[in-house]
Amino acid sequence: MTYDLFIADKTYSSWSLRGWLMFENFGIPAKTHEVGLYSGTFAQDMSPLAPARQVPVMRTPEGEVVGETLAMAETLHERHPEAGLWPADPAARMRARWLASEMHAGFTALRSACPMNLARAWQGFQPSQAVLNDLARLETIWADAFARFGGDGPWLFGRYSLADVFFAPVAGRVAGYGLPVGPQAAAYVAAHLADPAFRRWRAEGLAQPYVEHPDYMLDLPHGDWPGPA
Ligand SMILES: N[C@@H](CCC(=O)N[C@@H](CS)C(=O)NCC(=O)O)C(=O)O
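Everything numeric in this text was worked out from a predicted model, so none of it was measured. (Residues numbered from 1 in each chain as written. Predicted model: local features only at pLDDT ≥ 70, side-chain atom pairs only at ≥ 80, totals over all residues. Heavy atoms only, no water.)

1. Section: the packing of helix H1 (residues 14-24) against helix H3 (residues 69-79)
Where H1 contacts H3, the two axes come as close as 10 Å, and the packing angle between them is 5°. Taken together, the axes of H1 and H3 lie roughly parallel to each other. Between H1 and H3, the contacting residues are Trp15, Arg18, Gly19, Met22 and Phe23 on the first element and Thr69, Met72, Ala73 and Leu76 on the second. Partitioned by chemical class, the residues of the contact of H1 with H3 number six nonpolar, two polar and one charged. (Axes fitted to C-alpha atoms, helices over the stretch in contact; angles between N-to-C directions. Helix = DSSP H or I, 4+ residues; strand = E, 2+ residues; numbered from the N terminus. Parallel < 35°, antiparallel > 145°, perpendicular 65-115°, else oblique. Contact = heavy atoms within 4.5 Å. Nonpolar A, V, L, I, M, F, W, Y, C, P; charged D, E, K, R; others polar.)

Right under this line is the structure:
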């Protein structure tokens, strides 16, 4: 018996990417199932998982359904303390929980203007002031985490943690929209793009037949993905 993890399209679903990374990058086995977010079967696919209404959702080996990425993260941490999902140091752990929660609750300008599309590296995207403000906030909280807890990096708390899980789709957005960030944030984005799990997720998404969904498309040219395939 193992966990079941329900996700949507790998190319587009940023929350699904978070849900998947919290298993994949901590060695917690899960059987992944893709629901039809855009194929018309979403309600039917989700009905066995009621009252969950969004993905990702996980089902524990005992059959308990858990939705919401933060709840999934805390549940996995509680059940797998040896996996190191949160940093071991209490101060680092407090901060990591804060950053993951801030990501979960905020950055709405960035999220709505730049929906994750791992199949595109848009050229000529002009971020609004609200998006630039979100980027500035990200750079502030990343820089502070690196300074206090990052050690030799490349992750916010030295070793990869749930905080990095929550920012992985942000890295995909910075890369995909060519968003302007300073050298430290750019190096952090590059670390995500080079993460073998992130690369696998993206490659698997590209290998699937996917619909060019209008919510994720811009009327802009696009070029090569600025990270390893
Ligand atoms: N707060 C949720 C957000 C999940 C979410 O927005 N999932 C999207 C896919 S990326 C979804 O299920 N959309 C379908 C819907 O809202 O009907 C979490 O942390 O898991």
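2. Overview of the sheet that holds strand E3 (residues 57-59)
The strand order E2-E1-E3-E4 describes an open sheet built from four strands, whose pairing is mixed. Taken across any chain shown, the strands that pair with only one partner, and hence form the sheet edges, are strand E2 (30-34) and strand E4 (65-67). Neighbour to neighbour, the strand axes of the sheet diverge by 20° on average, direction disregarded. Of the pairings in the sheet, the one linking strand E1 (residues 3-7) to E3 comprises three bridges and is antiparallel in character. Counted as the bridge partner of Asp4 is Arg59 from E3. Those strands touched by H1 are E1, E2 and E3, and its axis lies near 155° from that of E1. (Pairing = 2+ DSSP bridges.)

3. Quick look at the layout of surface pockets
As a volume, the largest pocket reaches approximately 550 Å³. Along the walls of the largest pocket sit 23 residues, with Ser13, Trp15, Gln54, Val55 and Pro56 positioned nearest its centre. When the residues that make up the lining of the largest pocket are grouped by side-chain class, the tally is 12 nonpolar, six polar and five charged. Both domains that meet at the lining of the largest pocket, namely domain 1 (3-83) and domain 2 (90-207), each give it at least three residues. (1 Å grid on protein atoms, 1.4 Å probe; cavity = no way out; pocket = protein on both sides within 12 Å on 5 of 7 lines; lining within 4 Å. Points joined across faces, edges and corners; volume = space filled by probe spheres on them. Domains from an automatic or database assignment.)

4. Section: the site of the ligand
As a structural note, the neighbourhood of the ligand is formed by Ser13, Trp15, Leu37, Phe42, Gln54, Val55, Pro56, Glu68, Thr69 and His104. Within the side chain of Gln54, an N or O atom sits 2.8 Å from an oxygen atom of the ligand. One of the side-chain N or O atoms of Thr69 is found 2.6 Å from an oxygen atom in the ligand. Its free accessible area being 510 Å², the ligand has 76% of it covered by the protein chains. Structurally, the ligand is housed in the largest pocket. For the shell around the ligand, a count of residues per class yields five nonpolar, four polar and one charged. (Near = heavy atom within 4 Å. Polar contact = N/O pair within 3.5 Å; in protein donor to acceptor, adjacent residues only side chain to side chain. Areas by Shrake-Rupley, 256 points an atom, 1.4 Å probe, with all protein chains shown as cover. Sits in = over half its atoms within 2 Å of the grid points.)

5. Observations regarding helix H6 (residues 129-149)
An α-helix turns once every 3.6 residues. As a result, residues three or four positions apart point the same way. With 21 residues, H6 extends 30 Å from end C-alpha to end C-alpha; this agrees with the ideal 30 Å at 1.5 Å per step. For H6, the secondary structure elements touched by its buried residues are helix H4 (90-105), helix H5 (108-113), helix H7 (162-177) and helix H8 (183-194). Just past H6, the residue Gly151 takes up positive phi, approximately 55°. (Expected span 1.5 Å × (residues − 1).)

6. A closer look at the side chain of Asp4
As for its placement among the helices and strands, Asp4 is situated in strand E1. Overall, Asp4 belongs to the buried group, its relative accessible area being 14%. The residues touching Asp4, leaving out its near neighbours within four places in the chain, are Lys31, His33, Val57, Met58 and Arg59. (Buried < 20%, exposed > 50% of the residue type's maximum accessible area, 1.4 Å probe, protein only.)

7. Points about the nonpolar core
Ranked by internal contacts, the top residues of the largest apolar core, which has 65 residues, are Met22, Phe23, Trp142, Leu156, Phe157 and Phe167. Ranked by residues supplied to this core, first place goes to H7 with 11 residues. When residues of this core are sorted by domain, at least three fall in each of domain 1 (3-83) and domain 2 (90-207). Filtering out sequence-adjacent residues up to four positions away, Met22 remains in contact with Ile28, Thr69, Met72, Ala73, Leu76, Leu85, Leu162, Val165 and Phe166. Of all hydrophobic cores here, the second largest spans eight residues; its members include Val35, Leu49, Val55 and Val57. (Core = buried A, V, L, I, M, F, W, Y, C linked by side-chain atoms within 4.5 Å.)

8. Considering the pairing of E1
For E1, the tally of buried residues reaches five of five residues, placing the bulk of the element in the interior. Burial along E1 is two-sided: the residues Tyr3, Leu5 and Ile7 and Asp4 and Phe6 are all buried. Pairing between E1 and E2: five bridges, direction parallel. Within E2, the residue paired with Ile7 across the bridge is Glu34.

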